[in-house]
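One-letter residues, chain by chain:
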Amino acid sequence: MIRKGTNEDIDTILEITKACAIDMISKNIQQWNSKYPNRSAFENDVARNELYVLEEPKKIIGCLVLSTKMDAEYETIDWLTPNSNNLYVHRVAIHPDYQGKGWARKLMNFAENMANKNEFTSIRLDTFSKNARNQKFYELRGYKKLGAIYFPKQSEHPFYCYEFVL
């Protein structure tokens, strides 16, 4: 089940993102760290009504954020569609104990269905340049890699921006 996230969910989500960070670091993927993602980001997501959680009977195992706000870092990208009616996906996380079982696919199906239902032009997101598994995941879903952006507080390496035209 996927539902709107609440402030009461944030501690669990932070445990999940910390477990994801540890798992990625063990695979030499320095994507998330102690500075990101953080409580403040998720509190803002809840305040904007953009946080969703994935539950398996009474236990949160993942999350994602669906936003209509384009981050300033995205302004340099030559997007496939105009910057007016787009859905942005952020902070997708599945607890490592549940990865490889189709849960991320369910979250992205949810995002794509919501975008279609609400008549968005496209879905946009970024993923870490050193995370080949994520890049392949999005590319197999039809997302097009368009360019690189940087988040210096997270990594010296770029993040690749992707867009899926609906």
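Structure report, in brief. Being a predicted model, the structure only gives us computed values, none of them experimental.

Between its terminal C-alpha atoms helix α1 (residues 10-26) stretches 24 Å, which fits the 24 Å expected from 17 residues at 1.5 Å a residue. Where the residues of α1 are buried, they touch α2 (39-47), β2 (51-56), β3 (59-67) and β4 (86-94).

Spatially, seven strands are ordered β1-β2-β3-β4-β5-β7-β6 in an open sheet, and the strand pairing comes out mixed. Either end of the sheet is taken by a strand with one partner, and the two such strands are β1 (2-4) and β6 (144-149). Direction aside, neighbouring strands of the sheet carry axes that sit 30° apart on average. Here β3 pairs with β4 via five bridges, running antiparallel. Each residue of the ladder has a partner; that of Leu66, found in β4, is Val89. This element, helix α3 (residues 103-117), spans β1, β2, β3, β4 and β5 (122-128) of the sheet and lies at about 165° to β4. Sitting on the sheet, helix α4 (residues 132-140) is in contact with β4, β5, β6 and β7 (159-165), with an inclination near 160° to β5.

Cut-off values and rules
- Residues numbered from 1 in each chain as written.
- Predicted model: local features only at pLDDT ≥ 70, side-chain atom pairs only at ≥ 80, totals over all residues.
- Heavy atoms only, no water.
- Helix = DSSP H or I, 4+ residues; strand = E, 2+ residues; numbered from the N terminus.
- Expected span 1.5 Å × (residues − 1).
- Contact = heavy atoms within 4.5 Å.
- Pairing = 2+ DSSP bridges.
- Axes fitted to C-alpha atoms, helices over the stretch in contact; angles between N-to-C directions.

These figures come from the coordinates and say nothing about function on their own.
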